[in-house]
Structure formats: C-alpha cells, structure tokens
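Each chain, written out:
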Amino acid sequence: MKFEDLLLEIGGFGRFQVLILFILCLPRINLPMHFLLHNFLAATPSHHCAIPHQEAFVNLTVEEVLLISIPREPDGTFRSCEMFSQPQFHLLLNSSLQPENSSIIQHCQHGWVYDHSQFTSTISTQWDLVCEQRGLNQATATFFFIGVTVGAMVFGYLSDRFGRKAMLLLSLVCSIIFGMLSAASVSYSMLAITRTLTGVALSGMSLIVLPLGMEWVDIQHRTITGILTSIFWSIGNMLLAMLAYLVREWHWLLVAVTAPCLLSTVCLWWVPESARWLIANGKVKQAHRHLLRCARMNGRKDFAVSPELFPSFHLSQVLRWMATDKKPGESYSYISLFRTPVLRKISLCSGAVWFGVAFSYYGMSMNLTSFGLNMYLSQFVFGVIEIPAKVIMYFLVNRIGRRQSQAWALILTGLCIGANVIIPKPFTSLRSVIAIMGKGFSEAAFTTVFLYTSELYPTVLRQNGMGYTSFMARLGGALAPLVFLLDEVWRSLPEVTYCGVAVCCGSVAFLLPETLNVHLPEGIEDIE
C-alpha cells in the first residue's frame, strides 16, 4: 500500500491541505525580499570625487568647481573615480578642451560625493564601496549566497534527520535574529558576516516549504501546489519593489523585509509534520494523529482504511507496515544520492540544471538598470511577468511533461539574454520587451525545477536531494553577481556568459526522466 492510497481515503486536497499551503506560502513571500535585496541594499548612486575647499573657489559655482576639478567622459558626464591633481582653470574658458595629459589625473583622494535624490543611504554610500572597492559591493551578494549554499547542505540533511517542521521553525527564528543583526551592522565586516548567516537561515525556508506542502497532497494536485507556492515568490518580488520605493534607507529596509518572518513563525503552529516523513522514520503514532486530523478537516470523519485496498488491517497497523519499508538502522546521507546508477544520473543532471537556472535567474534579476526602465519599475514588472509565466507552466508541465518544459524554458532564457547582447543600446523599448520575456522564461524554469526535483527523489532522500540541488543553485547564485565584474574585460561578456550557461544547462534537462502522473517514489528501489 502506498501513501497516495491513504491520501485518497482522507482527502488529498481538501481544507486541511489548503490551510497548510496558505501558511507555507507566507515564508515564500519573504524569500525574494532577501534574495533580491542586493539590488537596493547595495545600489550605487551617481557619485564623483569629493573636492576639498580652496580659497580660489570662493567665487565659483558648484558646477564650475566640478568642471575644473574632475575630468569628463566622452559623453560629457563627470568621471566617478578620478580627479585632476591640480585645478584646471583654463577649462572655465573652454570646457571642451579636456586635458590629454594623463599624468595630471589621479584617483579620488578625499572620498566621494553621492547623489542622494534616489537613495537616502545604501551600503555603497555608507562605506564607500565604489571604484577600487566595487568588488566588495558585489561580494555582499556573493557572501549571502555562500550562506544559502551552506544552509542548503545543512538544512537538507537536518530536515531528513529531524523532520521538516522543526527545521523550518529553526530557519525562521534564525532568519529573524540574523536579519535584525544585519540591519544593526556598524561595519562592512559585520554586515558581511550577518548577511552570510542570514543566507544560511533563509536556505531552510527555501528548501523545506515546497516539499512539506507536496508531501501532504495527492498526485493530481502536485502541480497546482508547486505553481501556487511559487506564485507567492512573485508576490514577494512585487512587494520588494514597493518596500524599496517607500524605504530608501538601507538599515530600515532590512528591518522591513525581515519583520514578516515573525508572522510566519507564529502561523507555523498550525502546520503538522510531514506524515510521509513520520512513517518513513517509524513515528507511527504521530503520523496516525496527523492523518486523523486531516480526515476530520476534510470531512472524512468516518475515515477507515478502504477494505478494497487493505482488507484486514486498521489504520495504525497499516502505518506500521508502511514504516517497515525502511529497514531498522538504515540511514541516508548525500553520498546515497550517488551510490546507485539511476539516482547518480538524476543527481548529476539535476545539479547542472539547478546551477543554470539560478545563475541565469539572478544574472537577470540583479541587472535592473540595463534594460531602459526605472529600477523600481523593473523590479515590479519582473515580478508581475512571473505570474503569467507560472500559469502557462501549469498547463505545459501537465500537457508536454516536466522534462520538455524544464529544458525549453531554460534554453529560451539563455536565448533572450543573448538577443540583448546583439540589440543596440538605443533600442530601449525592444531591449526591455526581450528582457521581460527572458525574465518570464527564467521564472518558468525556476518554477518547474522546484516541482520537477521534488518528484525525482524518493521520500527517504527527498530533502537530501533538494539540499544538494539547492546547493548547486546557490553556487550559481553566488557566482552570478561576480560575473558583472567581467565587464571590465569586455562590456558584453557577463551577458554572453549567462546566455551560454543557460543554454548548456537547459540541454542537460533532456537527460532526466519524466515524472508526469508518476507516484512519488518512497524508497531508492522505486527509483532504480
């Protein structure tokens, strides 16, 4: 007897499941607020070298002081990172005669002056993470995703060992603590450390929410469960744009995106542990209690195991029998993902797909200013376009299957990124349309990969599998912001890199097995 047969008896998608999914969707709203926060937390406004006051400047306007103190770019804007070693007063007579002698140009010596019209403060303006320190600014996102990467391995193992709900609660509490400590940071080092630890904590939420919800629903509703859960990620995307627009000071912005975790922590009280996990780990009494609660909420008060399915057993006896499928003393780890041939192939291919999905997704999401739209509008539109992308994927994954949907969504993401390398900069409207399409495909790939992966791995290894693939995704997320630094080698090299990785990893998805309308595997033998 399979667990799906029990779900049919107690109701595989009733009020009980709706309540659980609604509560689990609350932390999903929080995730993009932190994962994409770097766009606003570390935004770099227009800036130029600070010019020390001199008596010779008394009768000059601010614009004239800048004119004689800072060299200009070919487009006429002042350079951000350089200044003249001595004032060039002759430029007051003819500003077009820019000095060609590079020996009189030097790096900023007295700090920077920032344009505060858009941001009251960011970490860039707080600690001057510009010019030579620009790498540290991008590294802030990398530190965060390194934390998420480590957290994926830690929470993937712990949630298979100690249960989904307990680890989700730990993740939420730690996210609140480290999120608030990040907001109180008094140095860059403190911010880097607390953001890394916040990433570790948030990884548990990212990893556990979907499988915990999926393990309570029947086969027919697995797809809608995955899509519904991921829609709340898009809502979080849009809420981030509005919060960032309203809160322009980075300390308070961190507080604003962390505070909703408190509501999720309180609401988690009504979410039960996964009955699948309880049965797989021999905790029959707890599973029995949760299944009876599910039956009552779904209107199956007279629930008993169907005689046609199992004629001579009561529910508790059936659960004990199901629990014996896991041999006494048998334990699983990440190594188990690579011990058997089919599981090894699944793990290698799904790891590559997750890397490509995250690498291209965050590559697009952290490049809001290059598509010709206001960054707040870009963030909001990128969130809006994800919802129809998810709805379309709901029909596609059920019609053409998970594998084809996954592969083509990721390949088309790469092609859209590549198209914007070719389209000239002046064509801002066309570039914006292509970028929005690419973001839609990218989100479609992310939505599918969560659903697809949770169906590929057996219950005894599901969280280990999700932990490993999430590790690969966060590795891609950690590298994505650093790729922007390659624009110093060739301006289009970051986009070419994102394009190539997305197309290659999308092609790997064709090697994975199809899971459409297939029972969730319980043990490794179901995979092999």
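Since the model is a prediction, treat every value here as computed from it, not as a measurement.

Right, let's get into the state of the cysteines. In this structure the tally under the stated criterion is two disulfides. Residue Cys-49 pairs covalently with Cys-108 via a disulfide, S to S 1.8 Å. Measuring handedness by torsion sign, the sulfur bridge of Cys-49 and Cys-108 sits at about -65° and is left-handed. Placement of Cys-49 in strand 1 (residues 47-49) and of Cys-108 in the loop between strand 3 (105-107) and strand 4 (112-114) is noted, with a sequence separation of 59 residues between them. Each member of the pair, Cys-49 as well as Cys-108, carries the same accessibility label: buried. For Cys-81, the disulfide goes to Cys-131, at an S-S distance of 1.9 Å. Its S-S torsion of approximately -90° makes the covalent link between Cys-81 and Cys-131 left-handed. Of the two residues, Cys-81 is situated in the loop between helix 4 (62-69) and strand 2 (82-84) and Cys-131 in the loop between helix 5 (123-127) and helix 6 (134-162); the sequence distance between them amounts to 50 residues.

Note on placement: Leu-278 falls in helix 12 (residues 275-280). Taking the relative accessible area as the measure of exposure, Leu-278 reaches 1% and is therefore buried. Note: C-alpha distance between Leu-278 and Gln-138 (140 residues apart in sequence) is 42 Å.

Here we take up empty space enclosed by the protein. All chains considered together, the criterion is met by four cavities of 30 Å³ or more. Of the pockets and cavities examined, the largest cavity occupies roughly 80 Å³. Lining the largest cavity, in full, are Arg-28, Ser-206, Ser-230, Trp-233, Tyr-361, Lys-390, Glu-443, Phe-446, Thr-447, Phe-450 and Arg-474. At the level of secondary structure, the elements contributing two or more residues to the lining of the largest cavity comprise helix 9 (222-246) and helix 18 (428-456). With four residues, the top contributor of residues to the lining of the largest cavity is helix 18. For the lining of the largest cavity, the class distribution of residues is four nonpolar, three polar and four charged. Reported here for the second largest cavity is a volume of approximately 50 Å³. Taken together, His-34, Phe-35, His-38, Leu-41, Thr-140, Ala-141, Phe-144, Phe-145, Arg-195 and Met-366 make up the full set of residues lining the second largest cavity. The set of elements that each furnish at least two residues to the lining of the second largest cavity consists of helix 2 (15-35), helix 3 (38-41) and helix 6. Ranked by the residues each element gives to the lining of the second largest cavity, the list is headed by helix 6, at four residues.

Turning our eyes to something else, we now look at a nonpolar patch on the surface. A surface patch of nonpolar side chains, about 300 Å² in accessible area, is lined by Leu-169, Val-173, Ile-177 and Leu-181. Along the chain, the position of Val-173 falls in helix 7 (residues 164-183). Since its relative accessible area comes to 35%, Val-173 is described here as partly exposed.

Now for the packing of aromatic side chains. The relation between two aromatic rings is expressed through the spacing of the ring centres and the mutual angle of the planes. Within the structure shown, the criterion is met by 25 aromatic pairs. Aromatic pair Trp-354 and Phe-450: ring centres 4.9 Å apart, planes at 75°, arrangement edge-to-face. Of this pair, Trp-354 sits in helix 15 (residues 341-365) while Phe-450 sits in helix 18; the two residues are 96 residues apart in sequence, bridging distant segments of the chain. Looking at Trp-354, the relative accessible area reads 1%, which means it is buried. Judged by centre distance (5.6 Å) and plane angle (10°), the ring pair of Phe-355 and Phe-359 falls under stacked.

Moving on, we come to the UniProt feature "transmembrane region" (unreviewed entry) in the protein chain. With numbering matched to this structure, UniProt assigns "transmembrane region" (unreviewed entry) to residues 139-159, 166-186, 192-212, 224-246, 252-271, 346-364, 376-396 and 408-427. Taken end to end, residues 166-186 has its terminal C-alpha atoms 32 Å apart, with 86% of it in helix and 0% in strand. Overall, residues 252-271 shows 70% helix and 0% strand. The separation of its end C-alpha atoms is 31 Å.

Let us now look at unusual backbone geometry. Leaving glycine out, the prevailing phi sign among residues is negative, and the prevailing peptide bond configuration is trans. Unlike most non-glycine residues, Asp-128 shows phi in positive territory, near 50°. Counting through the fold element by element, Asp-128 comes out in the loop between helix 5 and helix 6. You can call Asp-128 partly exposed: its relative accessible area is 26%. Phi at Asn-517 takes a positive value of approximately 60°, unusual for a residue other than glycine. Along the chain, the position of Asn-517 falls in the loop between helix 20 (493-508) and helix 21 (524-527). Among the residues examined, Asn-517 registers a relative accessible area of 62% and is labelled exposed.

Where helix 4 is concerned, the buried positions are Val-65, Leu-66, Leu-67, Ile-68 and Ser-69. Where helix 4 is buried, its residues touch strand 1 and strand 2.

Attention shifts here to the pattern of salt bridges. Tallied over the full model, the rule gives 10 salt bridges. Its salt-bridge partner being Glu-215, residue Arg-164 comes within 2.7 Å of it at the nearest N-O pair. In this pair, Arg-164 is assigned in helix 7 and Glu-215 in the loop between helix 8 (188-214) and helix 9, connecting sequence segments 51 residues apart. Given a relative accessible area of 0%, Arg-164 falls into the buried group. On the accessibility criterion, Glu-215 (0% relative accessible area) is buried.

What follows deals with the packing of helix 15 against helix 18. With their axes 10 Å apart at the nearest point, helix 15 and helix 18 run at an angle of 150° to one another. Classed by the angle they form, the pair helix 15 and helix 18 counts as roughly antiparallel. You can see that helix 15 and helix 18 cross each other, and the crossing is left-handed. Each of Ile-346, Val-353, Trp-354, Val-357, Ala-358, Ser-360, Tyr-361, Tyr-362, Met-364 and Ser-365 in helix 15 lies in contact with helix 18, whose residues at this interface are Ala-435, Gly-438, Lys-439, Ser-442, Glu-443, Ala-445, Phe-446, Val-449, Phe-450, Thr-453 and Leu-456.

Thresholds applied
- Residue positions within a chain follow its written sequence, with the count starting from 1.
- Predicted model: local features are reported for residues with pLDDT of at least 70 only, side-chain atom pairs are reported and counted for 80 or more only, and whole-chain, interface and lining totals are derived from all residues.
- Calculation of side-chain values draws on the structure's entire complement of heavy atoms; hydrogens and water are dropped beforehand.
- In this description, a disulfide is simply a cysteine sulfur pair whose atoms lie within 2.5 Å.
- Helical segments are the DSSP runs of H or I of at least four residues, strand segments are the runs of E of at least two, and each set is numbered from the N terminus.
- Burial classes: relative accessible area under 20% of the type maximum marks a residue as buried, over 50% as exposed, and values in between as partly exposed (1.4 Å probe, protein chains only).
- Only protein atoms enter the 1 Å grid, on which a cavity is a set of points fitting a 1.4 Å probe that cannot get out and a pocket is an open set with protein on both sides within 12 Å along at least 5 of 7 lines, lining residues being those with an atom within 4 Å of a point.
- Grid points are joined across faces, edges and corners, and a volume is the space filled by probe spheres set on the points.
- Under this grouping Gly is polar, as are all residues other than the nonpolar Ala, Val, Leu, Ile, Met, Phe, Trp, Tyr, Cys and Pro and the charged Asp, Glu, Lys and Arg.
- For patches, a residue must show more than 30% relative accessible area and have no salt bridge; joins then use 9 Å for like charges and 5 Å for nonpolar side chains, namely Val, Leu, Ile, Met, Phe, Trp and Tyr.
- Throughout, the Shrake-Rupley method with a 1.4 Å probe supplies accessible areas, and for residues the shown protein chains are the sole cover considered.
- One side-chain nitrogen of Lys or Arg within 4 Å of one carboxyl oxygen of Asp or Glu is enough to make a salt bridge.
- Two rings from Phe, Tyr or Trp (for Trp, the six-membered ring) form a pair when their centres are within 6.5 Å of each other. A pair whose planes differ by under 30 degrees is stacked, one over 60 is edge-to-face, and the rest are tilted.
- UniProt positions are given in the numbering used here, feature names are shortened, and annotations may be inferred rather than shown by experiment.
- In what follows, a contact means two residues having at least one pair of non-hydrogen atoms within 4.5 Å.
- Note on definitions: angles span 0 to 180 degrees between N-to-C directions of axes, and those axes are lines fitted to C-alpha atoms, for helices only across the stretch in contact.
- Just so you know how the angles are binned, under 35 degrees is roughly parallel, over 145 roughly antiparallel, 65 to 115 roughly perpendicular, and the rest oblique.
- By definition, turning the near helix anticlockwise from the far helix through less than a right angle yields a left-handed crossing, and turning it clockwise yields a right-handed one.

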